[in-house]
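Chain by chain, the residues:
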Amino acid sequence: ETGVTQSPTHLIKTRGQQVTLRCSSQSGHNTVSWYQQALGQGPQFIFQYYREEENGRGNFPPRFSGLQFPNYSSELNVNALELDDSALYLCASSTTSTPTTEAFFGQGTRLTVV
Amino acid sequence: AQSVSQHNHHVILSEAASLELGCNYSYGGTVNLFWYVQYPGQHLQLLLKYFSGDPLVKGIKGFEAEFIKSKFSFNLRKPSVQWSDTAEYFCAVNINQAGTALIFGKGTTLSVSS
């Protein structure tokens, strides 16, 4: 167990809807990153939050947005869901935002868009 | 854009066989290199990492990897695999300007038969 918990574990949404995924980071970690893992692919970086500010973003459209709260937990919001958004969404937390810091991953939320 | 290539999609070995999984990345600057493993039903976890110094790094469970800068490679090795090594293995790269953001390869599924 890494201490990074994600909720829910699975959910099904309809195209066009909005979804919020949640991540509770490991104690003492102030940095959270989100990844999208499509079937048969490696995780793709969506964005990173450090002390409640977004400080890095991958190649994802603005309908993917996030928040980090004072307790360093985080949310990933996706608006106007598309079928291609079906994937495993992973959250990772780390003690700092420096590149050499190990990231600890949660077990993910499996999102299915129908 | 930076990318990571893993040469083998699926590797099948018998117990006690030697393992080498290939990983190449495309980026000319300073990189930090990682191998992550995902056992069936579990979260991604770090096997080993390279930041600087000795290009031969040792990780958990008898795994090691060698960074060859001239070949942009970071291959994972284990002299003698066990059935419990059955898992998916991901090579990942981080560049210093990108915080903790990781660029993952597509992964290699390793199946070890007893």
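The structure presented is a predicted model; accordingly, all values stated were derived computationally and were not measured.

Calculation notes
Residues numbered from 1 in each chain as written. Chains lettered and ligands numbered in written order. Predicted model: local features only at pLDDT ≥ 70, side-chain atom pairs only at ≥ 80, totals over all residues. Heavy atoms only, no water. Helix = DSSP H or I, 4+ residues; strand = E, 2+ residues; numbered from the N terminus. Rg over C-alpha atoms; globule rule 2.2 N^0.38 Å. Lys, Arg positive; Asp, Glu negative; His and termini not counted. Charge placed at Lys NZ, Arg CZ, Asp CG, Glu CD. Pairing = 2+ DSSP bridges. Phe/Tyr/Trp six-rings, centres within 6.5 Å; stacked < 30°, edge-to-face > 60°.

Trainee: Tell me about the overall build of chain B, and name the residues and values.
Mentor: In terms of helices and strands, chain B carries zero helices and twelve strands. Element order for chain B, N to C, with α for helix and β for strand: β-β-β-β-β-β-β-β-β-β-β-β. Taking 114 residues into account, the globule formula puts the C-alpha radius of gyration at 13 Å, and chain B, at 14 Å, falls close to it. Across chain B, 8 positive and 7 negative side-chain charges occur, with their mean positions spaced 6 Å apart.

Trainee: How would you sum up the pairing of strand 8 (residues 64-68) of chain B? Please name residues and give values.
Mentor: All names here are of chain B. Note that strand 7 (residues 56-58) and strand 8 share three bridges and pair antiparallel. For Lys 58, the partnering residue across the bridge sits in strand 8 and is Glu 64. The antiparallel hairpin formed by strand 7 and strand 8 contains five residues in its connecting segment, where Lys 61 sits at a positive phi of about 60°. In this structure, strand 8 lies alongside strand 9 (residues 73-78), joined through five bridges in antiparallel fashion. Residue pairing for strand 9: Ala 65 is matched across the bridge by Leu 76. Between strand 8 and the antiparallel strand that follows it, strand 9, lie four residues; Phe 72 among them carries a positive phi value of about 50°.

Trainee: I'd like a description of the packing of aromatic side chains, backed by residues and values.
Mentor: For the structure on display, the rule yields 15 aromatic pairs over all chains. An aromatic cluster of three or more residues is present, and its members are A:Tyr35, A:Phe45, A:Phe105, B:Phe34, B:Tyr36, B:Phe51, B:Phe90 and B:Phe104.

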